[in-house]
Amino acid sequence: AQSVAQPEDQVNVAEGNPLTVKCTYSVSGNPYLFWYVQYPNRGLQFLLKYITGDNLVKGSYGFEAEFNKSQTSFHLKKPSALVSDSALYFCAVRDDGAGSYQLTFGKGTKLSVIP
Amino acid sequence: GAGVSQTPSNKVTEKGKYVELRCDPISGHTALYWYRQSLGQGPEFLIYFQGTGAADDSGLPNDRFFAVRPEGSVSTLKIQRTERGDSAVYLCASSLTATDPQPQHFGDGTRLSIL
């Protein structure tokens, strides 16, 4: 079975400071990992994905994520936070060995960037 | 518009009624997914289609839930004898294919409220 954990319900960061939103995963095969952002009353917007290759993945709006196989983590990062980054962030995983193509999402982390 | 379109955006109905939720995927996307998002949770997988066929319906909670995609484009999620516990946001997503780990692109969802 595939699963995702986002250990922090909320992350607060001052504008201009670096931010990190944590994600760990569990799969039986190899992971395909995704980050999505959700604004109020909207669907999820894709930020970035890790499939294979370079462990540091760059995505939209200046976000990046680092894949760490030994720690089974895929933390989302940004060097300098903006107030407009305040939103709900979801990590998701798909197990390439599972024979199904569904994504399993974490519970989400609310990011608040304080001016 | 080029995105995934879901209608209605909001649906309020009484317990025991039948509801249909519609999803119009991005043109050319062969894979279509339905998820359900309860308050404070991440999306939970319900069913996915590759073309016209339901390739994985393992997430449907019971036989009151059914989905179709007769022409391989628009999909309808149908819920019979609705219960208050069915209240949630129902999200639809589409991707170019399912087999490749393409990002899933989400609509804004239908907020279903069962009174």
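Residues numbered from 1 in each chain as written. Chains lettered and ligands numbered in written order. Predicted model: local features only at pLDDT ≥ 70, side-chain atom pairs only at ≥ 80, totals over all residues. Heavy atoms only, no water.

### Examining unusual backbone geometry
Glycine aside, the phi torsion of most residues is negative, and most peptide linkages are trans.
Link 1 in the chain: A cis amide bond links T7(B) with the next residue in sequence, P8(B), at an omega value of -10°.
Link 2 in the chain: Here P8(B) is to be found in the loop between β1 (5-7) and β2 (10-13).
Link 3 in the chain: One non-glycine residue with positive phi stands out, namely N41(A), at about 60°. (Helix = DSSP H or I, 4+ residues; strand = E, 2+ residues; numbered from the N terminus.)

### Brief notes about the sheet that holds strand β8 (residues 75-79) of chain B
Residue and element names in this part refer to chain B.
Link 1 in the chain: Read across the sheet, four strands follow the order β1-β3-β8-β7 without closing on themselves; strand pairing throughout is antiparallel. Either end of the sheet is taken by a strand with one partner, and the two such strands are β1 and β7 (65-68). Looking at each pair of strands side by side, their axes are set apart by 15° on average, direction ignored.
Link 2 in the chain: Sheet topology note: the strand β3 (residues 19-24)/β8 ladder contains five bridges and is antiparallel. Considered in β8, the bridge of L21 is made with L77. (Pairing = 2+ DSSP bridges. Axes fitted to C-alpha atoms, helices over the stretch in contact; angles between N-to-C directions.)

### A short note on the pattern of salt bridges
Link 1 in the chain: Tallied over the entire structure, the rule returns seven salt bridges over all chains.
Link 2 in the chain: Taking the shortest distance from any N to any O, the salt bridge between R42(A) and D108(B) comes out at 3.1 Å. With R42(A) in the loop between β5 (31-38) and β6 (44-50) and D108(B) in the loop between β10 (105-106) and β11 (110-114), this pair bridges two chains.
Link 3 in the chain: Owing to a relative accessible area of 41%, R42(A) belongs among the partly exposed residues under this scheme.
Link 4 in the chain: A relative accessible area of 38% places D108(B) in the partly exposed class.
Link 5 in the chain: Several salt bridges converge on common partners, so that one network encompasses R64(B), E83(B) and D86(B). (Salt bridge = Lys/Arg side-chain N within 4 Å of Asp/Glu carboxyl O. Buried < 20%, exposed > 50% of the residue type's maximum accessible area, 1.4 Å probe, protein only.)

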